[in-house]
2 protein chains.
Amino acid sequence: MTDPLTQDPPETEEAQAATKQAVFNAAERLFALHGFQNVSVRDITAEAGVNLASVNYHFGSKDALLFEIFRRRTSELNRERARMLHEAGARHGGKPPVRDILEAYFAPPLRWGSPDHDRRISVQFIIRARSEGNAEMREVLRNDVSHLERFANALMAARPDLPKEDVYWRLHFVLGMVHNNRFAEFDRLHHLSGGITREGDVDALLKRMLDFAEAGFSA
Amino acid sequence: MTDPLTQDPPETEEAQAATKQAVFNAAERLFALHGFQNVSVRDITAEAGVNLASVNYHFGSKDALLFEIFRRRTSELNRERARMLHEAGARHGGKPPVRDILEAYFAPPLRWGSPDHDRRISVQFIIRARSEGNAEMREVLRNDVSHLERFANALMAARPDLPKEDVYWRLHFVLGMVHNNRFAEFDRLHHLSGGITREGDVDALLKRMLDFAEAGFSA
DNA sequence: GCTCGCGTCGAACGTCTGTTTGAACGCGAA
DNA sequence: TTCGCGTTCAAACAGACGTTCGACGCGAGC
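All of these numbers come straight from a predicted model, not from anything done at the bench.

Draft legend 1. Main features of helix H5 (residues 98–112) of chain A. Residue and element names in this part refer to chain A. With 15 residues, H5 extends 22 Å between its outermost C-alpha atoms, agreeing within 8% with the 21 Å of an ideal straight helix rising 1.5 Å per residue. Along its length, H5 shows its largest kink, about 35°, at Phe106, and proline Pro108 lies within four residues downstream of that point. Counting buried positions along H5 gives 12 out of 15 residues, so the element sits mostly inside the fold. All of the buried residues along H5 are Val98, Asp100, Ile101, Leu102, Ala104, Tyr105, Phe106, Ala107, Pro108, Pro109, Leu110 and Trp112. Packed against the buried residues of H5 are helix H4 (62–91), helix H6 (120–132), helix H7 (135–158), helix H8 (164–179) and helix H10 (202–217).

Draft legend 2. Expanded view of the protein's contact with DNA strand C. Around DNA strand C, the structure places 17 residues, and the nearest of them are Arg42 and Lys62 of chain A together with Thr19, Tyr57 and His58 of chain B. Close to the protein, within 4 Å, the atoms of DNA strand C are drawn from sugar and phosphate at a rate of 49%. Separating a phosphate oxygen of DNA strand C from a side-chain N or O atom of Thr19 of chain B is a distance of 2.3 Å. Elements with a minimum of two residues in the surface near DNA strand C: helix H2 (41–48) of chain A together with helix H3 (54–59) of chain B. Split by residue class, the surface near DNA strand C holds eight nonpolar, six polar and three charged.

Draft legend 3. Quick peek at unusual backbone geometry. For Asp116 of chain A, which is not glycine, the phi torsion reads 70° and is therefore positive. On the basis of relative accessible area, Asp116 of chain A is assigned to the exposed category, the value being 79%.

Draft legend 4. Summary view of the protein's contact with DNA strand D. Around DNA strand D, the structure places 16 residues, and the nearest of them are Thr19 and His58 of chain A together with Val41, Arg42 and Lys62 of chain B. The sugar-phosphate backbone supplies 50% of the atoms of DNA strand D found within 4 Å of the protein. Contacts to DNA strand D include Tyr57 of chain A, whose side-chain N or O atom sits 3.0 Å from a phosphate oxygen. Here His58 of chain A contributes a side-chain N or O atom positioned 2.8 Å from a phosphate oxygen of DNA strand D. Contributing elements (two or more residues each) for the surface near DNA strand D: helix H3 (54–59) of chain A together with helix H2 (41–48) of chain B. A class-by-class count of the residues in the surface near DNA strand D yields seven nonpolar, six polar and three charged.

Draft legend 5. Structural view of the interface of chain A and chain B. Counting residues at the interface gives 51 residues for chain A, matched by 51 residues for chain B. Each partner contributes to the roughly 4800 Å² buried at the junction of chain A and chain B, and carbon and sulfur atoms together form 65% of this total. Three residues stand out in chain A for area buried against chain B, namely Arg188, Leu192 and Phe212 of chain A, and they jointly supply 17% of the buried area on that side. Across the salt bridge formed by Glu165 of chain B and Arg208 of chain A, the nearest N and O atoms sit 3.1 Å from each other.

Draft legend 6. How the structure looks around the relation of the copies chain A and chain B. For the pair chain A and chain B, the best superposition has an RMSD of 0.0 Å and corresponds to a rotation of 180° with a translation of 0.0 Å parallel to the axis. Taken together, the rotation angle and the small translation identify this as a two-fold axis. When the interface residues of chain A are mapped onto chain B, 100% of them again fall at the interface, so both copies present the same face.

Draft legend 7. Examining the domain arrangement of chain A more closely. All names here are of chain A. Taken domain by domain, chain A comprises domain 1 (15–60) and domain 2 (73–217). Computed over C-alpha atoms, the centres of domain 1 and domain 2 are 29 Å apart. Taken together, the contacts link nine residues of domain 1 with 10 residues of domain 2. Across the domain 1 to domain 2 interface the summed buried area is about 840 Å²; carbon plus sulfur atoms make up 66%. Broken down residue by residue, the surface that domain 1 buries against domain 2 is led by Glu28, Ala32 and Phe36, which jointly contribute 66%. The interface formed by domain 1 and domain 2 holds one salt bridge in total. Where domain 1 packs against domain 2, one counts six residue pairs in polar contact (both at pLDDT 80 or more). Grouping the constituent residues of the side of domain 1 that touches domain 2 by class yields five nonpolar, two polar and two charged.

Scoring rules and cut-offs
- Residues numbered from 1 in each chain as written.
- Chains lettered and ligands numbered in written order.
- Predicted model: local features only at pLDDT ≥ 70, side-chain atom pairs only at ≥ 80, totals over all residues.
- Heavy atoms only, no water.
- Helix = DSSP H or I, 4+ residues; strand = E, 2+ residues; numbered from the N terminus.
- Expected span 1.5 Å × (residues − 1).
- Bend = angle between axes of the 7 residues up to and from the residue.
- Buried < 20%, exposed > 50% of the residue type's maximum accessible area, 1.4 Å probe, protein only.
- Contact = heavy atoms within 4.5 Å.
- Near = heavy atom within 4 Å.
- Polar contact = N/O pair within 3.5 Å; in protein donor to acceptor, adjacent residues only side chain to side chain.
- Nonpolar A, V, L, I, M, F, W, Y, C, P; charged D, E, K, R; others polar.
- Buried area = accessible area lost by both parts, 1.4 Å probe.
- Salt bridge = Lys/Arg side-chain N within 4 Å of Asp/Glu carboxyl O.
- Least-squares fit on C-alpha atoms with pLDDT ≥ 70 in both.
- Domains from an automatic or database assignment.

Right, dumping it as structure tokens:
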């Protein structure tokens, strides 16, 4: 836990108020665990051990706080995905195969979301934001399109034989596979299978997902 | 629109109070469109054109109303899926192939969720319930397991060569594909593809999904 | 014709919500 | 020491919320 608030965007002030950081972390945790609407400003400030007014003082409003967490975590995740896609391109002379493209999209949230990983909460937060998000947040997700476009283009380059329409639809299916990785869904799977599915083994899960998605893309 | 409230469970009273039905329909519509937490009892009763107290009088509480809608729509959907699975079994001597099993799971929500279909709102309601649901509703979804088990068993019978663990995981991926069919997701896909993906053609979409999922299962 | 019970009504209740206020505090600079 | 500024604090605000209450209308049964 090395200062997840300031580790990434170069804050103007090196030493941010400890209160602000405590609010940020507590809010992310509670939102990820219980949902946005089920967490009050009082819950957040109590968890953070700070005064009630801190949220409005440091972030302006509850929504603005939520949005700031969302924006930061989303950009972190997308940056990592773009990085892996770029690396895959470098490895294959600018035209990575389908499997490597999908891996660039799957791996970051899967690894970060694995148990005992620092960013597990952040990933859960992002997943929750996708379904409970504000109109404002959905607007950002729409600009996500520019990010998704890179993956769509890479896929079309890898499969020039496939009609574009098919590529888009299959990408849509693939997104569904990823976004379904919530606590509740894993729980149900674990319960359904009688406990033979282990969520912990991230690499094995990644391999399973890639096998499935790659085969789907090659239909 | 032929009395969707009484068409299915044999109500004790033939002529239910028109108020109760109006509340039921208005609540389902508003919940499906705006989410549970974003719709107040006052919104519902205003939309239904009835008195504020009607919700508590007829259903006990807002949560109970929500739960009743959820339970009814879920059981309707699951019954249709089970029916199609049974039919597929009858067609193939009790051992339907993977594609027919998946179709029994995909087709009902897809058809009912298509534009201009009576049950489009109900499907959207169910999808929303899956992510925003109560603890109580998640409990029901856990009993959904008995429903899912039929599909898991059918899949294991169709692919006895595949380790059970793999079947469960791939079923999990397939569920993700289905649950991703929300308004917002379609919107993003439509926007991303520049409008070449048409949501309206349900049969074509079903075929695409089956192609993808069947190939994934045969990996 | 009277009464009983169901359904509906307007009005209010208590609680929880996000936000605002103004005073107090801590601390480095003058 | 004094000033000024950024931060924290307890307290209160106004509104929205789900729910409850008592009265009223009205058709059925005795």
